[in-house]
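Each chain, letter by letter, is given below.
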Amino acid sequence: MTMIKNSVDIITLGCSKNLVDSERLMHRFAEAGYKVRHDPEKVSSEFVVVNTCGFIGDAKEESVNTILEMAELKKEGRCKALIVTGCMAQRYKQEILDEIPEVDGILGTSTYDEISNVLKKVLGGSRESCFHDLNALPNVEVPRVVTTGGYYAFLKIAEGCDKRCTYCIIPDLRGSYRSVPMERLIEEAKQLASQGVKELILVAQETTLYGIDLYKKKSLPKLLHELCKIPGIQWIRIQYCYPEEITQELIETIREEEKVCNYLDIPIQHASDRILKRMGRRTNQKQLREMIASLRSQIPDIALRTTLISGFPGETEEDQEEVMRFVDEMEFERLGVFAYSQEEDTPAAEFPDQVPQELKEERRDEIMELQQEISYEKSQSMIGKVLEVMIEGKVADENAYVGRTYMDAPGVDGLIFINTDLDLMSGDFVRAKVTGALEYDLIGEICDEPAQ
């Protein structure tokens, strides 16, 4: 493949928060006159930036493999400069510089604003590293190049985390909790809306604590009210809400603001009080049950997503059975499970009674098999209902489109397939009656009835 001159390929690994950083990087390069590309399957630019993830073992492995693959391109003369940034760069700066000589520049998680300056110095013949104070808020004034199709975008409302769960390395990679000033978020959301974005997805390591540092109180409800005033925005979705920080004011805001989806992502991680305590979590099962009951009683059609960790150190069969009972009784609409990853420099990595990898994965699969049954029953219960759907694209060679309902975040939840002869565009909103259901996806048809 011919190398494209004066161009930059940006490869994004990991979470949606990393994607927002990459979109800012892309704007910086575009502003400096480079053609910017964001297709990891077709890397052919003169310069390559890998925005890494270092959260768990699988993510680190993917990041290392991607850097090595790009290093091969450089050795073959198919790119001139290779720059690495993101969480793994923050964590393993020296190791990357020592072991991968093809890496020309490396930046930490708070320094993406320096990317074009680093590239200039690299092109001048130096090998650069750039790391700022981890607890300083990165430059959030930088506009973004939206890469998600133009009709939805992630809005990162805070950086870092103060929770210090025993399994998690994020505070060491992203620093302490720092909220983005509300006026900046409103301005950014208006810019996104002017570009055609119709759905905002609020993300942070924890969204529920938004504003606690700047305004000395939890200010997510106020932010939601302000975002709802922006013309063009039709859906606002909230992810990563720690259950102990969900307030009555937040519940009322979700219920009363029509633009805020009746959807909440609540990572609970476990259901055994003993394991929750070892994890450094700040809830117990009784409190989790009370919060879920409160949400469902006040917002009856709310879709709850959660994540669990299987095989945490010291987890017994009794703990696993307790998780299974909890999942069976709570009937989450959406649920994912990660096998515990033993991360160096975390307290849990030194805990005794580490669970064998095979057993972690068995327990993960057992929970997911149960969730598949729950999800199928939930999907079946939707047949006959009319839902508002955001169209995401057309099914190739068929008179059918794929879309999402308020219950589905992009990339992690289900889809709805709609059979119609109408010409629709990505980002269109339509009403559809559900006519069929699979384990995680729905089937529907366009209708004129009001959404239920």
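Before reading on, note that the structure itself is shown above.
My aim in this report is to walk through the structure given alongside it, one point at a time. (Residues numbered from 1 in each chain as written. Predicted model: local features only at pLDDT ≥ 70, side-chain atom pairs only at ≥ 80, totals over all residues. Heavy atoms only, no water.)

1. Description of the overall build of the protein chain
Then step 1. Summing up its helical and strand segments, the protein chain has 13 helices and 19 strands in all.
Then step 2. Computed over C-alpha atoms, the radius of gyration of the protein chain comes to 22 Å, within 12% of the 22 Å expected from 2.2 N^0.38 for 452 residues, which places it in the range of a compact globule.
Then step 3. Referenced to the eigenvectors of the C-alpha coordinate spread, the extents of the protein chain come out at roughly 65 × 60 × 45 Å.
Then step 4. Within the protein chain, the fraction of its 452 residues that count as buried is 58%.
Then step 5. In the protein chain, the share of contacts with a sequence separation of at least 24, taken over all contacts with a separation of at least 6, comes to 73%.
Then step 6. Of note, the protein chain has its 54 positive side-chain charges centred 5 Å away from the centre of its 81 negative side-chain charges. (Helix = DSSP H or I, 4+ residues; strand = E, 2+ residues; numbered from the N terminus. Rg over C-alpha atoms; globule rule 2.2 N^0.38 Å. Buried < 20%, exposed > 50% of the residue type's maximum accessible area, 1.4 Å probe, protein only. Contact = heavy atoms within 4.5 Å. Lys, Arg positive; Asp, Glu negative; His and termini not counted. Charge placed at Lys NZ, Arg CZ, Asp CG, Glu CD.)

2. Side note on helix H13 (residues 357-380)
Then step 1. Compared with the 34 Å implied by 1.5 Å per residue over 24 residues, the 34 Å span of H13 between its first and last C-alpha is a close match.
Then step 2. What H13 keeps buried is the set Lys-360, Arg-363, Ile-367, Leu-370, Gln-371, Ile-374, Ser-375 and Ser-379.
Then step 3. Here the buried face of H13 lies against strand S13 (303-310), helix H12 (317-330), strand S14 (334-339), strand S18 (429-437) and strand S19 (442-446). (Expected span 1.5 Å × (residues − 1).)

3. Focus on the side chain of Thr-405
Then step 1. Within the element layout of this structure, Thr-405 appears in the loop between strand S16 (400-404) and strand S17 (416-419).
Then step 2. Side chain to side chain, Thr-405 and Asp-408 meet in a polar contact 2.9 Å long.
Then step 3. Residue contacts for Thr-405: discarding those within four places in its chain leaves Trp-235, Arg-237, Leu-387, Glu-388, Val-389 and Ile-416. (Polar contact = N/O pair within 3.5 Å; in protein donor to acceptor, adjacent residues only side chain to side chain.)

4. Brief notes about the sheet that holds strand S10 (residues 199-203)
Then step 1. Across the sheet, 6 strands lie side by side as S7-S10-S11-S12-S13-S14; this open sheet has parallel pairing. Each edge of the sheet is formed by a strand with only one pairing partner; in this case those strands are strand S7 (152-156) and S14. Adjacent strand axes in the sheet meet at a mean angle of 20 degrees, parallel and antiparallel pairs treated alike.
Then step 2. Pairing of strand S12 (residues 260-265) with S13 involves 3 bridges; the strand directions are parallel. Paired with Tyr-263 across the strands is Ala-303, a residue of S13.
Then step 3. Sheet strands in contact with H13 are S13 and S14, and its direction is about 175 degrees off that of S14. (Pairing = 2+ DSSP bridges. Axes fitted to C-alpha atoms, helices over the stretch in contact; angles between N-to-C directions.)

5. Details of the nonpolar core
Then step 1. Core analysis: the largest hydrophobic core is formed by 58 residues, its most contacted members being Ile-157, Leu-202, Leu-220, Leu-223, Leu-227, Ile-238 and Leu-264.
Then step 2. Excluding residues within four positions of it along the chain, Leu-264 makes contact with Ile-238, Cys-241, Ile-246, Ile-254, Leu-295, Ile-302, Ala-303, Leu-304 and Arg-305.
Then step 3. In terms of nonpolar packing, the next biggest core, distinct from the first, is built from 29 residues, Val-389, Tyr-401, Ile-416 and Ala-432 among them. (Core = buried A, V, L, I, M, F, W, Y, C linked by side-chain atoms within 4.5 Å.)

6. Observations concerning the layout of surface pockets
Then step 1. Size it by volume and the largest pocket reaches roughly 1,300 Å³.
Then step 2. Looking at the largest pocket, it is lined by 46 residues, and the ones nearest its centre are Cys-15, Lys-17, Phe-55, Tyr-240 and Phe-338.
Then step 3. Elements supplying a minimum of two residues to the lining of the largest pocket: helix H1 (16-31), helix H2 (57-75), S7, helix H6 (170-174), S13 and S14. (1 Å grid on protein atoms, 1.4 Å probe; cavity = no way out; pocket = protein on both sides within 12 Å on 5 of 7 lines; lining within 4 Å. Points joined across faces, edges and corners; volume = space filled by probe spheres on them.)

7. Describing the pattern of salt bridges
Then step 1. The full count for this structure, using the stated rule, is 34 salt bridges.
Then step 2. A salt bridge links Glu-72 to Lys-75, with the nearest nitrogen and oxygen atoms 2.9 Å apart. Placement of both Glu-72 and Lys-75 in helix H2 is noted, with a separation of 3 residues, approximately one turn of the helix.
Then step 3. Take Glu-72: its relative accessible area is 37%, and that puts it in the partly exposed class.
Then step 4. For Glu-256, the salt bridge is made with Arg-255, and the minimal N-O distance between the two is 3.4 Å. (Salt bridge = Lys/Arg side-chain N within 4 Å of Asp/Glu carboxyl O.)

8. Side note on the pairing of strand S4 (residues 81-86)
As a general feature of sheets, a regular strand has side chains that alternate between the two faces.
Then step 1. Burial runs high along S4: 6 of the 6 residues are buried.
Then step 2. The two faces of S4 match: Ala-81, Ile-83 and Thr-85 on one face and Leu-82, Val-84 and Gly-86 on the other face are all buried.
Then step 3. In the sheet, strand S3 (residues 45-52) pairs with S4 via 6 bridges, with the strands oriented parallel. Within the sheet, the bridge partner assigned to Asn-51 lies in S4 and is Thr-85.
Then step 4. Crossover connection from S3 via H2 to parallel S4: handedness right-handed.
Then step 5. In this sheet, strand S5 (residues 105-107) lies alongside S4 in parallel orientation, the contact comprising 2 bridges. Bridge assignment links Ile-83 to a residue of S5, and that residue is Gly-105. (Right-handed = clockwise from strand over helix to strand, strands pointing away.)

9. Some details on the packing of aromatic side chains
Then step 1. Going through the model one piece at a time under the given rule, you end up with 10 aromatic pairs.
Then step 2. With centroids separated by 5.8 Å and ring planes inclined at 90 degrees, the aromatic side chains of Tyr-34 and Phe-47 adopt a geometry described as edge-to-face. Of this pair, Tyr-34 sits in the loop between H1 and strand S2 (35-37) while Phe-47 sits in strand S3, and the two are 13 residues apart along the sequence. Considered together, Tyr-34 and Phe-47 belong to a single accessibility category, that of buried residues.
Then step 3. For the pair Phe-326 and Phe-332, a centre-to-centre distance of 6.2 Å together with 50 degrees between the ring planes defines the contact as tilted.
Then step 4. We classify Phe-332 as buried; its relative accessible area is 3%.
Then step 5. Seen from the ring of Tyr-240, Lys-17 lies directly overhead, with NZ or CZ sitting 4.2 Å from the centre.
Then step 6. Over the aromatic face of Tyr-242 sits the side chain of Arg-281, whose NZ or CZ is 4.7 Å from the ring centroid. (Phe/Tyr/Trp six-rings, centres within 6.5 Å; stacked < 30°, edge-to-face > 60°. Lys NZ or Arg CZ within 6 Å of the ring centre and 35° of its normal.)

10. Quick notes on the packing of H12 against H13
Then step 1. At a minimum axis distance of 10 Å, the contact between H12 and H13 shows a crossing angle of 15 degrees. When the axis of H12 is compared with that of H13, the two are roughly parallel. Two packed elements cross with a definite hand, and for H12 against H13 that hand is right-handed. Residues Glu-317, Gln-320, Val-323, Met-324, Val-327 and Asp-328 of H12 lie in contact with H13, whose contacting residues are Leu-359, Arg-363, Glu-366, Ile-367, Leu-370, Gln-371 and Ile-374. (Parallel < 35°, antiparallel > 145°, perpendicular 65-115°, else oblique. Left-handed = near helix turned anticlockwise from the far one by under 90°.)

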